[in-house]
Amino acid sequence: MTRIAERLANYKLHYFARIGARISAMQADGQDIIRLDEGAPDLPPPDFVIDRLTSAARRPSTHSYQPHRGTSGLRAAWAVMYERSYQVKLNPETDVLPLMGSKEGIFHLPFAFVNPGDIVLIPDPGYITYTRGTLLAQGVPYYIPLEQKNQFLPDFSRIPEAILREAKILWLNYPNNPTAAMAPLSFFEEVVSLAHKYGWLVCHDAAYTQVTFNEVHAPSIHQVPGAKDVALEFNTLSKSHNMAGWRVAAVIGRSEFIQPFYTLKTNVDSGHFLPVLEAAETAMTGDQSWIRARNQIYRERRDIFIQRLHEIGLHAETPDASLYIWCPILPGWTSEIFCTALLEEAQVSLTPGTVFGNFGEGYIRISLTASNDRIQEAADRIARVVPVLRERAV
Ligand SMILES: Cc1ncc(COP(=O)(O)O)c(C=O)c1O
C-alpha cells in the first residue's frame, strides 16, 4: 500500500467538506436544512455579464489555453475597478496578476515567499487558508488574537518584539471574515509603517470591500502612500460581483512581489477560460449600480436576523459590511456543540467560531446567503430552540 505523504497526514478535510457530507445525509433523510454556514453568495451576477460569457463561448477561437497573466483587457479592468472603488492607480501590465479565485492565490503565496521555519503572523479568528498554505510551505503561524474589546483589530503591542522582528508575512482581512469588523484607513497606515520598520510583506485580503452597508467605504491597503513597497492585496469577484463559482480574482502589488508569484503560477496552472475572463472584464467595467441594490438585499437580511437574535437575548453587533453576523453564543456552551445542537434541533446549519481559530470560541458565524423568507425561517427556528438550549448548558 502506498502511504500518503507526511505533510498531509495531520491535515484535516476542510470544515465545509465535512459538514456538507453530514448535511447531504440529513437531506437524504428528508430534513429541510437551512444552510447559513458557508459564505457562498446565493444571488447571480447581472445578465450583461452572463451574456458576455455565453457569446464569448460561442466564438470558436476562445477555447484554447490562455496566458497566465490573463488578457490585457482583464488586467486593465482590474485597474479601472481600483481607480473607481479606491482611487488607486495601477499599472495593469505590472501590478495585476489574475488568480483562479483568491483562495488559490492565498494558499500559494507562502510557496513563493516562505522558507521552512519562517514566522507568518495570522489573525485568529481568520480565514483558514492563511494557516493551511503556511503549514504546507513549512512556515510557522503566529496567531494574533482579534478581540471584541479591540474592535477585532490586532493589537501589535501585545506581540513580543522578537516575533515582530522575525516575522516575514502579516495576513490581514477587512472587512473581516468571520467577525464582519471593518478597519479604518488609519489602521492600514499604522500597518504600513510597522511593515516598513520590521520588513514584513503585508498580505491584505480584500474579499469583502464591496459588500458594505450604510454608505461606509472599506479601503484598499494600496490607498496608503508607501503601501506598494510592503503590501500585496488579494481581491476577488466572488463576493463583490456574485461570481464565486467563476473563480476570478487577482493579486495586486508591485512587480517585485508579483513576479515570484507569477513564476510559481506558470508551473501550477494553465490560465483561465477566455469567456470567463472576458465576462469578468465586463463585470468590472460595465454598470455597477446593481451592486448598491444587492448590498441593500444583504442589509435587509441582516436586519431580519439581528432583530430576532436580539429578541432572544443573543447580542450580536450589527455589521456594516461582509456577508456575516458574528454572534456570541449562550453561556455554558462551546461553539461546536452549540452549532451541532442548532443543526439537529432547528435544522439550521451555522459555522462554529472555532473553525476560524481558538479565539473564535464563544461565537457562531451566520452567513446571510439565503432569501428573506429563508433567513426569517432560520431565525424563527433558532428562536424556538434557544430557550430550550439555555436550560441545558453543557
Ligand atoms: C476572507 C476570504 N478570503 C478569500 C476567500 C476566497 O474567495 P475566492 O472565491 O476568491 O477564492 C473567502 C471566501 O469565502 C474569504 O472569506
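Above: the structure in question.
Reading the values: rules and limits
- Residues numbered from 1 in each chain as written.
- Predicted model: local features only at pLDDT ≥ 70, side-chain atom pairs only at ≥ 80, totals over all residues.
- Heavy atoms only, no water.
- Near = heavy atom within 4 Å.
- Polar contact = N/O pair within 3.5 Å; in protein donor to acceptor, adjacent residues only side chain to side chain.
- Areas by Shrake-Rupley, 256 points an atom, 1.4 Å probe, with all protein chains shown as cover.
- Helix = DSSP H or I, 4+ residues; strand = E, 2+ residues; numbered from the N terminus.
- Nonpolar A, V, L, I, M, F, W, Y, C, P; charged D, E, K, R; others polar.
- Salt bridge = Lys/Arg side-chain N within 4 Å of Asp/Glu carboxyl O.
- Pairing = 2+ DSSP bridges.
- Axes fitted to C-alpha atoms, helices over the stretch in contact; angles between N-to-C directions.
- Parallel < 35°, antiparallel > 145°, perpendicular 65-115°, else oblique.
- Left-handed = near helix turned anticlockwise from the far one by under 90°.
- Contact = heavy atoms within 4.5 Å.
- Buried < 20%, exposed > 50% of the residue type's maximum accessible area, 1.4 Å probe, protein only.

K.L.:
Help me out: how do you make sense of the site of the ligand in this one?
P.N.:
By nearness alone, 15 residues border the ligand, and Asp205, Tyr208, Thr236, Ser238 and Arg247 come closest of all. Here an oxygen atom of the ligand sits 2.7 Å away from a polar atom, N or O, in the side chain of Arg247. Within the complex, the protein chains bury 92% of what would otherwise be the 400 Å² of accessible surface of the ligand. When residues of the shell around the ligand are traced back to their parent elements, those giving at least two are helix 5 (102–113) and helix 9 (237–240). Examining the composition of the shell around the ligand, we find that 3 residues originate from one element, helix 5, more than from any other. The residue inventory of the shell around the ligand, partitioned by class, reads 5 nonpolar, 6 polar and 4 charged.

K.L.:
Help me understand the pattern of salt bridges in this model?
P.N.:
A side chain with one charge may pair with a side chain of the opposite charge, provided their charged atoms come close. One pass over the structure, following the stated rule, counts 24 salt bridges. Between Glu147 and Lys149 there is a salt bridge, with its nearest N and O atoms 3.8 Å apart.

K.L.:
Help me understand the sheet that holds strand 8 (residues 249–252) in this model?
P.N.:
Think of a sheet as strands paired side by side through backbone hydrogen bonds, with each pair either parallel or antiparallel. The sheet built from 7 strands is open, its strands ordered 2-8-7-6-5-3-4 with mixed pairing. The sheet terminates laterally at strand 2 (96–99) and strand 4 (140–145), the two strands that pair on one side only. Going from strand to strand, the sheet's axes swing by 20 degrees on average, the running direction of each strand aside. The pairing of strand 3 (residues 119–124) with strand 4 spans 6 bridges and is parallel. By the bridge assignment for strand 4, Ile122 is matched with Tyr143.

K.L.:
Honestly, the packing of helix 3 (residues 47–57) against helix 11 (residues 274–285) in this entry has me stumped. Any pointers?
P.N.:
Two packed helices can be described by the angle between their axes and the distance between those axes. It is at 8 Å that the axes of helix 3 and helix 11 come closest, and there the two elements cross at 150 degrees. It follows that helix 3 is roughly antiparallel to helix 11 by the angle criterion. Pair helix 3 / helix 11 crosses with right-handed handedness. In contact with Phe48, Val49, Arg52, Leu53, Ala56 and Ala57 of helix 3, helix 11 contributes Pro275, Val276, Glu278, Ala279, Glu281, Thr282 and Ala283.

K.L.:
Looking at this structure, I do not really get the pairing of strand 7 (residues 231–236). What am I missing?
P.N.:
Working note: regular strand, side chains alternate between the two faces of the sheet. Most of strand 7 is tucked away: 6 of the 6 residues are buried. With burial as the criterion, each face of strand 7 is covered, one bearing Ala231, Glu233 and Asn235 and the other bearing Leu232, Phe234 and Thr236. Where strand 6 (residues 201–205) and strand 7 come together, 4 bridges link them in parallel fashion. Bridge pairing in strand 7 links Val202 to Ala231.

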